[in-house]
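Residue-level structure breakdown
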Amino acid sequence: MNIALIAHDRKKDTLVNFVVAYRHIFAKANLYGTGTTGLRIHEATGLDVHRFQSGPLGGDQQIGALIAENRMDLVLFFRDPLMAQPHEPDIIALLRLCDVHNIPVATNMATAEILVKALERGDFAWRETINSQ
Ligand SMILES: O=C(CO)COP(=O)(O)O
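Residues numbered from 1 in each chain as written. Predicted model: local features only at pLDDT ≥ 70, side-chain atom pairs only at ≥ 80, totals over all residues.

Attention now moves to the UniProt feature "active site" (unreviewed entry) in the protein chain. As recorded in UniProt, the feature "active site" (unreviewed entry) lies at Asp60. Mapped onto the elements of the fold, Asp60 is located in helix H4 (residues 59–68). (UniProt positions renumbered as here; feature names shortened; annotations may be inferred. Helix = DSSP H or I, 4+ residues; strand = E, 2+ residues; numbered from the N terminus.)

Right, dumping it as structure tokens:
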């Protein structure tokens, strides 16, 4: 199970705390993240996180490329809805690719919690079936 973890600056604490809280679930997955988010999560949890570029430098696009190749099973992208981002087109593109490829994506903690509990329950088995074909 490949999980992408991304958060804008004012949402990073929320995502880090979320991964700490559900560490036992994330520990069973392959984790990917944009540069700063990935580092923060690694420092807080000790989990390995494959880190791409920072978002404004292309990290969202790198994760988008994995989504386009159907190599990402779940995306947690805690966006900041109250602050403009210089790389807004990259953010929109990443979320668009999730819709194109039918990838579960959460942009806030309330949805992330539902998806992570579903993951723990085994509701993502369909992704493994698709990927093994
Ligand atoms: O900007 C981001 C997502 O759009 C996140 O990038 P960082 O994790 O490097 O801060």
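In terms of burial, strand S4 (residues 74–78) is a largely internal element, 5 of the 5 residues being buried. With burial as the criterion, each face of S4 is covered, one bearing Leu74, Leu76 and Phe78 and the other bearing Val75 and Phe77. Two elements, strand S1 (residues 2–7) and S4, share 5 bridges in a ladder whose sense is parallel. Counterpart to Ile6 in the pairing with S4 is Phe77. Taken together, the 2 bridges between S4 and strand S5 (residues 105–106) define a ladder with parallel strand orientation. The residue of S5 that forms the bridge with Val75 is Val105. (Buried ≥ 20, exposed ≤ 12 C-beta atoms within 10 Å, placed from the backbone. Pairing = 2+ DSSP bridges.)

Let us look at the nonpolar core. Counting 32 residues, the largest nonpolar core has Ile3, Ala4, Leu5, Leu15, Ile63, Val75 and Leu76 as the members making the most contacts within it. Put simply, the parts of the chain that give this core at least two residues each are S1, helix H1 (12–21), strand S2 (30–33), H4, S4, helix H5 (88–100) and helix H6 (109–121). (Core = buried A, V, L, I, M, F, W, Y, C linked by C-beta atoms within 7 Å.)

Quick look at the site of the ligand now. All residues adjacent to the ligand are Ile6, His8, Thr34, Gly35, Thr36, Thr37, Ser54, Gly55, Pro56, Gly59, Asp60 and Ile91. Here the element with the most residues in the shell around the ligand is helix H3 (residues 35–45); it accounts for 3 residues. Looking at the shell around the ligand residue by residue, the classes come out as 3 nonpolar, 8 polar and 1 charged. (Near = placed C-beta within 6 Å. Nonpolar A, V, L, I, M, F, W, Y, C, P; charged D, E, K, R; others polar.)

Quick look at H4 now. Within the span of H4, buried status applies to Gly59, Asp60, Ile63, Gly64 and Ile67. Burial along H4 is one-sided: seen end-on, the buried residues are contained in an arc of 140 degrees. Asn70 sits one or two residues past H4 and shows a positive phi near 60 degrees. (Arc of directions from axis to C-beta.)

Turning our eyes to something else, we now look at the packing of H1 against H3. Viewed as axis vectors pointing N to C, H1 and H3 meet at an angle of 40 degrees, and their least axial separation amounts to 9 Å. As summarised for this structure, H1 and H3 are arranged oblique, according to the angle between their axes. Crossing handedness for the pair H1 and H3: right-handed. In this structure, H1 contributes Lys12, Leu15, Val16, Val19 and Val20 to the contact, and H3 contributes Thr37, Arg40, Ile41, Ala44 and Thr45. Considered class by class, the residues forming the contact of H1 with H3 number 6 nonpolar, 2 polar and 2 charged. (Axes fitted to C-alpha atoms, helices over the stretch in contact; angles between N-to-C directions. Parallel < 35°, antiparallel > 145°, perpendicular 65-115°, else oblique. Left-handed = near helix turned anticlockwise from the far one by under 90°. Contact = placed C-beta atoms within 7 Å.)

Turning to the environment of Asp60, a few remarks are in order. You can call Asp60 buried: it has 28 C-beta atoms within 10 Å. Each C-alpha atom of the pair Asp60 and Met83 lies 17 Å from the other, and the pair is 23 residues apart in sequence. With near-sequence residues (within four places) excluded, Asp60 lies in contact with Ile6, Thr34, Gly55, His87, Asp90, Ile91 and Leu94.

The next subject is the environment of Asp73. Within the secondary structure, Asp73 sits in the loop between H4 and S4. Residue Asp73 is classed as buried on the basis of its C-beta count, with 21 C-beta atoms lying within 10 Å. Sequence-wise, Asp73 and Asn108 are 35 residues apart; in three dimensions their C-alpha atoms are separated by 17 Å. Residue contacts for Asp73: discarding those within four places in its chain leaves Met1, Asn2, Ile3, Phe124 and Arg127.

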